[in-house]
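# Working through the structure, step by step
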Amino acid sequence: MPQLITFNNELIRINPANNRIEYSTNRGLSWISRYSGSSCGTFRDLVPYNGKIVAITDKGVYYSSNKGLSWISKNTSSQAKTFIAIQDAGRELLAQTNDGHLYYSTNEGLSWIRRR
């Protein structure tokens, strides 16, 4: 799953070794820690969406409007906690669960509907 995105001329990644959000302004030659808190849980995936970064964690869906410096809870329902991957599909977000189900959101991740 993608854990590296391009956002506003930066590379932003999840460093799984320490669950940090890091950024690079020199195409990945060096990395600087931007977020190292634990209140969001373990980061699984990131996607740029509508000028924000949306993250999937083991605690749910979070978003950042400041390049990953801080995170705000969007949805912490039981299904959101099982998401492992997220994708920008234009007018909606798509998220896949660990058991293969696909969900979509048309309100930036606030609510999710299982796609049949």
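In this fold, Thr-97 is placed in strand 10 (residues 93-97). Separated by 2.3 Å, the side chains of Thr-97 and Asp-99 make a polar contact. Once residues lying within four places of it in the same chain are set aside, the contact partners of Thr-97 are Gln-79, Thr-82, Phe-83, Ile-84 and Tyr-103.

Across the five residues that make up strand 3 (residues 20-24), a large majority, four, are buried. Judged from the five bridges that link them, strand 2 (residues 10-15) and strand 3 form a sheet pairing that is antiparallel. Residue pairing for strand 3: Ile-12 is matched across the bridge by Tyr-23. Hairpin connection, strand 2 to strand 3: the antiparallel pair is bridged by four residues, and Asn-19 has positive phi, about 55°. Pairing between strand 3 and strand 4 (residues 32-35): three bridges, direction antiparallel. When the sheet's bridge partners are listed, Tyr-23 is paired in strand 4 with Ile-32.

What counts and how
Residues numbered from 1 in each chain as written. Predicted model: local features only at pLDDT ≥ 70, side-chain atom pairs only at ≥ 80, totals over all residues. Heavy atoms only, no water. Helix = DSSP H or I, 4+ residues; strand = E, 2+ residues; numbered from the N terminus. Polar contact = N/O pair within 3.5 Å; in protein donor to acceptor, adjacent residues only side chain to side chain. Contact = heavy atoms within 4.5 Å. Buried < 20%, exposed > 50% of the residue type's maximum accessible area, 1.4 Å probe, protein only. Pairing = 2+ DSSP bridges.

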